[in-house]
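So you can see what is in the structure, the chains are spelled out below.
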Amino acid sequence: MVPARAFAPAPSEGAPCWADAQLPDVEAGKRFYGDLFGWTFDEGAGAERGYYTAAYLGDRAVAALAPLFGSAGPAWTVHFAVRDAYTTAARVTRSGGGVVTGPLSVGTAATMALATDRDGGLFGLWQPGSDLGFEVTGEPGAFCWADVRARDSGRADTFYETVFSYAAVEAGAGLRLWAPAGSLPGPRTAVAGRHATAATPVTRRFLVHFGADGLEATVADAVRLGGETRIAPHTTPHGRVAVLADDQGALFAVREL
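Presented here is a report on the structure given in the accompanying data block. (Residues numbered from 1 in each chain as written. Predicted model: local features only at pLDDT ≥ 70, side-chain atom pairs only at ≥ 80, totals over all residues. Heavy atoms only, no water.)

## Some thoughts on the overall build of the protein chain
Rules: For the purposes of this entry, the term helix denotes a DSSP run of H or I that reaches at least four residues, the term strand denotes a run of E that reaches at least two, and both are numbered from the N terminus. To get the radius of gyration, use the C-alpha atoms; to get the globule rule, take the number of residues to the power 0.38 and multiply by 2.2 Å. The buried label applies to any residue whose accessible area, calculated with a 1.4 Å probe on protein chains only, is under 20% of its type's maximum; exposed applies above 50%, and partly exposed to all values in between.
When helices and strands are tallied, the protein chain shows 4 helices and 16 strands. A globule of 257 residues ought to have a C-alpha radius of gyration of about 18 Å, and the protein chain, at 17 Å, matches this closely. In terms of principal-axis extent, the alpha carbons of the protein chain reach across some 45 × 45 × 35 Å. Among the 257 residues that make up the protein chain, the fraction classed as buried is 51%.

Here's what the structure looks like:
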(Lines give C-alpha, C1' and ligand atoms only; values in the text may rest on other atoms or scores of the structure.)
Protein backbone atom coordinates (compact mmCIF):
# COMPACT_ATOMS: atom_id res chain seq x y z
CA MET A 1 0.00 0.00 0.00
CA VAL A 2 2.39 2.60 -1.29
CA PRO A 3 1.73 5.78 -3.26
CA ALA A 4 0.05 5.04 -6.59
CA ARG A 5 2.39 4.85 -9.52
CA ALA A 6 2.33 3.66 -13.11
CA PHE A 7 4.77 0.99 -14.16
CA ALA A 8 7.16 1.60 -17.02
CA PRO A 9 6.12 0.19 -20.42
CA ALA A 10 8.47 -2.76 -19.82
CA PRO A 11 7.84 -3.90 -16.23
CA SER A 12 10.81 -4.56 -13.96
CA GLU A 13 11.74 -8.06 -12.83
CA GLY A 14 9.36 -9.01 -10.01
CA ALA A 15 6.85 -6.23 -10.68
CA PRO A 16 3.18 -7.23 -10.90
CA CYS A 17 2.29 -6.97 -14.57
CA TRP A 18 -1.13 -8.63 -14.78
CA ALA A 19 -4.06 -9.81 -12.65
CA ASP A 20 -6.94 -12.12 -13.43
CA ALA A 21 -9.87 -13.59 -11.55
CA GLN A 22 -11.17 -17.14 -11.81
CA LEU A 23 -14.91 -17.11 -11.21
CA PRO A 24 -17.74 -19.68 -11.39
CA ASP A 25 -19.79 -17.26 -13.51
CA VAL A 26 -17.79 -14.98 -15.80
CA GLU A 27 -20.90 -13.17 -17.05
CA ALA A 28 -21.84 -12.29 -13.48
CA GLY A 29 -18.26 -11.12 -12.92
CA LYS A 30 -18.51 -8.85 -15.94
CA ARG A 31 -21.65 -7.28 -14.51
CA PHE A 32 -20.08 -6.80 -11.06
CA TYR A 33 -16.75 -5.32 -12.13
CA GLY A 34 -18.23 -3.47 -15.09
CA ASP A 35 -20.59 -1.63 -12.77
CA LEU A 36 -18.05 -1.18 -9.96
CA PHE A 37 -15.05 0.04 -11.97
CA GLY A 38 -16.54 0.95 -15.34
CA TRP A 39 -14.72 -1.89 -17.09
CA THR A 40 -15.68 -3.09 -20.54
CA PHE A 41 -14.85 -6.54 -21.89
CA ASP A 42 -13.86 -8.19 -25.12
CA GLU A 43 -15.74 -11.15 -26.55
CA GLY A 44 -13.38 -13.57 -24.84
CA ALA A 45 -11.12 -16.26 -26.17
CA GLY A 46 -12.29 -19.73 -27.09
CA ALA A 47 -11.60 -23.08 -25.47
CA GLU A 48 -7.96 -22.98 -26.61
CA ARG A 49 -7.37 -20.01 -24.26
CA GLY A 50 -9.67 -21.16 -21.46
CA TYR A 51 -12.46 -18.70 -22.41
CA TYR A 52 -10.26 -15.90 -21.05
CA THR A 53 -12.03 -12.51 -21.13
CA ALA A 54 -9.96 -9.32 -21.05
CA ALA A 55 -11.20 -6.23 -19.20
CA TYR A 56 -10.54 -2.64 -20.25
CA LEU A 57 -10.62 0.76 -18.62
CA GLY A 58 -11.41 2.93 -21.61
CA ASP A 59 -9.36 1.26 -24.34
CA ARG A 60 -6.54 0.07 -22.05
CA ALA A 61 -6.22 -3.50 -20.79
CA VAL A 62 -6.54 -3.65 -17.02
CA ALA A 63 -7.31 -7.26 -15.98
CA ALA A 64 -9.08 -10.43 -17.09
CA LEU A 65 -11.77 -12.86 -15.96
CA ALA A 66 -11.76 -16.61 -16.58
CA PRO A 67 -13.94 -19.59 -15.66
CA LEU A 68 -13.05 -21.25 -12.37
CA PHE A 69 -11.17 -24.52 -12.59
CA GLY A 70 -10.08 -26.83 -9.79
CA SER A 71 -11.28 -26.68 -6.20
CA ALA A 72 -9.46 -23.60 -4.88
CA GLY A 73 -12.52 -21.34 -5.13
CA PRO A 74 -13.02 -17.91 -6.70
CA ALA A 75 -9.88 -15.77 -6.45
CA TRP A 76 -7.72 -13.11 -8.02
CA THR A 77 -4.21 -14.11 -9.12
CA VAL A 78 -1.32 -11.66 -9.55
CA HIS A 79 1.30 -12.32 -12.25
CA PHE A 80 4.87 -11.06 -11.90
CA ALA A 81 7.15 -10.00 -14.74
CA VAL A 82 10.28 -12.10 -15.21
CA ARG A 83 13.08 -12.08 -17.77
CA ASP A 84 13.12 -15.87 -18.07
CA ALA A 85 10.10 -17.91 -16.96
CA TYR A 86 12.04 -21.19 -17.05
CA THR A 87 14.87 -19.90 -14.85
CA THR A 88 12.45 -18.32 -12.39
CA ALA A 89 10.31 -21.47 -12.24
CA ALA A 90 13.43 -23.44 -11.34
CA ARG A 91 14.16 -20.95 -8.52
CA VAL A 92 10.60 -21.43 -7.26
CA THR A 93 11.10 -25.18 -6.85
CA ARG A 94 14.61 -24.81 -5.37
CA SER A 95 13.14 -22.38 -2.82
CA GLY A 96 10.49 -24.84 -1.65
CA GLY A 97 7.58 -23.75 -3.84
CA GLY A 98 5.96 -25.57 -6.72
CA VAL A 99 5.10 -25.10 -10.37
CA VAL A 100 1.44 -25.84 -11.13
CA THR A 101 1.43 -25.23 -14.89
CA GLY A 102 4.00 -24.19 -17.45
CA PRO A 103 6.06 -22.46 -18.40
CA LEU A 104 4.03 -22.31 -21.58
CA SER A 105 4.30 -19.93 -24.51
CA VAL A 106 1.10 -18.14 -25.53
CA GLY A 107 2.06 -17.52 -29.13
CA THR A 108 4.41 -14.54 -29.25
CA ALA A 109 2.51 -12.69 -26.49
CA ALA A 110 4.22 -14.13 -23.41
CA THR A 111 5.61 -17.21 -21.70
CA MET A 112 3.65 -17.94 -18.56
CA ALA A 113 3.57 -20.24 -15.55
CA LEU A 114 1.50 -20.65 -12.40
CA ALA A 115 3.45 -21.35 -9.24
CA THR A 116 2.93 -21.70 -5.49
CA ASP A 117 4.99 -20.41 -2.62
CA ARG A 118 6.05 -22.56 0.34
CA ASP A 119 2.60 -22.20 1.93
CA GLY A 120 0.60 -22.96 -1.20
CA GLY A 121 -0.15 -19.35 -2.20
CA LEU A 122 -0.69 -19.15 -5.96
CA PHE A 123 0.97 -16.54 -8.18
CA GLY A 124 1.89 -16.20 -11.83
CA LEU A 125 5.14 -15.75 -13.77
CA TRP A 126 4.93 -13.67 -16.95
CA GLN A 127 7.83 -13.39 -19.39
CA PRO A 128 6.63 -10.63 -21.71
CA GLY A 129 6.76 -10.98 -25.45
CA SER A 130 4.53 -8.69 -27.44
CA ASP A 131 2.14 -8.46 -24.47
CA LEU A 132 3.54 -6.46 -21.54
CA GLY A 133 0.46 -6.91 -19.36
CA PHE A 134 -1.23 -3.91 -17.76
CA GLU A 135 -1.78 -0.96 -20.08
CA VAL A 136 -2.78 1.30 -17.20
CA THR A 137 -2.05 1.30 -13.46
CA GLY A 138 -2.39 3.73 -10.57
CA GLU A 139 -5.77 5.14 -11.62
CA PRO A 140 -9.29 4.62 -10.25
CA GLY A 141 -10.46 1.21 -11.44
CA ALA A 142 -6.93 0.05 -12.27
CA PHE A 143 -4.35 -2.03 -10.44
CA CYS A 144 -2.30 -0.05 -7.95
CA TRP A 145 -0.66 -2.49 -5.51
CA ALA A 146 -0.32 -6.12 -4.37
CA ASP A 147 0.75 -7.58 -1.06
CA VAL A 148 0.81 -10.96 0.62
CA ARG A 149 -0.11 -11.46 4.28
CA ALA A 150 1.97 -13.99 6.17
CA ARG A 151 1.99 -15.31 9.72
CA ASP A 152 5.56 -16.54 9.19
CA SER A 153 7.06 -13.38 7.74
CA GLY A 154 10.62 -14.74 7.63
CA ARG A 155 9.49 -17.72 5.58
CA ALA A 156 7.67 -15.51 3.08
CA ASP A 157 10.52 -13.02 2.89
CA THR A 158 13.11 -15.68 2.20
CA PHE A 159 11.02 -17.28 -0.54
CA TYR A 160 9.99 -14.19 -2.51
CA GLU A 161 13.25 -12.33 -2.07
CA THR A 162 15.08 -15.37 -3.43
CA VAL A 163 12.70 -16.02 -6.33
CA PHE A 164 12.55 -12.39 -7.52
CA SER A 165 15.85 -11.07 -6.09
CA TYR A 166 13.97 -8.25 -4.39
CA ALA A 167 15.67 -5.47 -2.48
CA ALA A 168 13.70 -5.08 0.75
CA VAL A 169 13.08 -2.68 3.61
CA GLU A 170 10.79 -2.70 6.63
CA ALA A 171 8.27 0.15 6.36
CA GLY A 172 6.58 -0.10 9.76
CA ALA A 173 3.21 -1.48 10.87
CA GLY A 174 4.32 -4.99 9.82
CA LEU A 175 4.82 -3.99 6.18
CA ARG A 176 7.94 -4.96 4.23
CA LEU A 177 8.41 -3.30 0.86
CA TRP A 178 9.92 -5.13 -2.10
CA ALA A 179 11.71 -3.29 -4.89
CA PRO A 180 13.50 -4.59 -8.02
CA ALA A 181 17.03 -5.87 -7.53
CA GLY A 182 19.64 -3.12 -7.65
CA SER A 183 17.27 -0.35 -6.59
CA LEU A 184 17.12 1.42 -3.24
CA PRO A 185 13.99 -0.03 -1.59
CA GLY A 186 11.36 2.39 -0.36
CA PRO A 187 7.87 3.74 -1.13
CA ARG A 188 8.93 5.22 -4.48
CA THR A 189 10.53 2.04 -5.83
CA ALA A 190 8.39 -0.70 -4.22
CA VAL A 191 6.48 -2.98 -6.58
CA ALA A 192 4.92 -5.32 -3.98
CA GLY A 193 5.07 -6.09 -0.30
CA ARG A 194 4.48 -8.42 2.64
CA HIS A 195 2.30 -7.84 5.70
CA ALA A 196 3.11 -9.67 8.90
CA THR A 197 -0.03 -10.73 10.74
CA ALA A 198 -0.69 -12.98 13.73
CA ALA A 199 -4.24 -13.62 12.56
CA THR A 200 -5.40 -15.92 9.79
CA PRO A 201 -4.27 -14.29 6.52
CA VAL A 202 -7.00 -12.63 4.49
CA THR A 203 -5.88 -14.71 1.53
CA ARG A 204 -3.04 -17.13 0.85
CA ARG A 205 -2.49 -15.35 -2.46
CA PHE A 206 -1.29 -11.85 -3.12
CA LEU A 207 -4.14 -9.44 -2.52
CA VAL A 208 -4.68 -7.28 -5.60
CA HIS A 209 -5.52 -3.62 -4.93
CA PHE A 210 -7.51 -1.45 -7.33
CA GLY A 211 -7.64 2.33 -7.15
CA ALA A 212 -10.79 4.07 -5.95
CA ASP A 213 -11.96 7.65 -6.36
CA GLY A 214 -13.90 7.88 -3.08
CA LEU A 215 -13.35 4.81 -0.91
CA GLU A 216 -16.64 4.74 0.98
CA ALA A 217 -18.67 5.18 -2.20
CA THR A 218 -16.79 2.34 -3.90
CA VAL A 219 -17.34 0.03 -0.92
CA ALA A 220 -21.04 0.92 -0.87
CA ASP A 221 -21.29 0.18 -4.59
CA ALA A 222 -19.63 -3.21 -4.11
CA VAL A 223 -22.13 -4.13 -1.39
CA ARG A 224 -25.03 -2.91 -3.53
CA LEU A 225 -23.80 -5.23 -6.30
CA GLY A 226 -23.81 -8.24 -3.99
CA GLY A 227 -20.27 -8.08 -2.63
CA GLU A 228 -19.18 -8.03 1.00
CA THR A 229 -16.92 -5.87 3.14
CA ARG A 230 -14.25 -8.06 4.74
CA ILE A 231 -12.16 -5.24 6.24
CA ALA A 232 -13.89 -1.87 6.50
CA PRO A 233 -12.23 1.29 5.17
CA HIS A 234 -9.33 2.18 7.42
CA THR A 235 -6.28 4.42 7.43
CA THR A 236 -2.84 2.90 7.01
CA PRO A 237 0.58 4.58 6.91
CA HIS A 238 0.32 4.42 3.11
CA GLY A 239 -3.29 5.38 2.41
CA ARG A 240 -6.91 4.40 3.08
CA VAL A 241 -7.85 0.85 2.15
CA ALA A 242 -10.75 -1.60 2.34
CA VAL A 243 -10.81 -5.35 1.63
CA LEU A 244 -13.84 -6.68 -0.22
CA ALA A 245 -15.24 -9.88 -1.67
CA ASP A 246 -17.08 -9.76 -4.97
CA ASP A 247 -20.51 -11.34 -5.42
CA GLN A 248 -18.86 -14.74 -6.01
CA GLY A 249 -16.42 -14.58 -3.10
CA ALA A 250 -13.17 -13.49 -4.78
CA LEU A 251 -11.19 -11.19 -2.47
CA PHE A 252 -9.66 -7.90 -3.58
CA ALA A 253 -8.80 -4.54 -2.05
CA VAL A 254 -9.68 -0.99 -3.02
CA ARG A 255 -7.43 1.91 -2.17
CA GLU A 256 -8.28 5.58 -2.23
CA LEU A 257 -6.21 7.56 -4.71
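## Some words on the pattern of salt bridges
Quick note on the threshold: Each salt bridge in this description consists of a side-chain nitrogen of Lys or Arg and a carboxyl oxygen of Asp or Glu lying within 4 Å of one another.
Taken as a whole and judged by the stated rule, the model has 15 salt bridges. Ionic pairing is found between R60 and E139, a salt bridge with its closest N-O pair at 3.0 Å. Separated by 79 residues along the polypeptide, R60 in strand β4 (residues 60–67) and E139 in the loop between β8 (122–128) and β9 (143–150) bring together distant segments of the chain. Exposure remark for R60: the relative accessible area of 30% places this residue in the partly exposed category. Bridged by salt links that share partners, the residues D157, E161, E170, R176 and R194 form one connected network.

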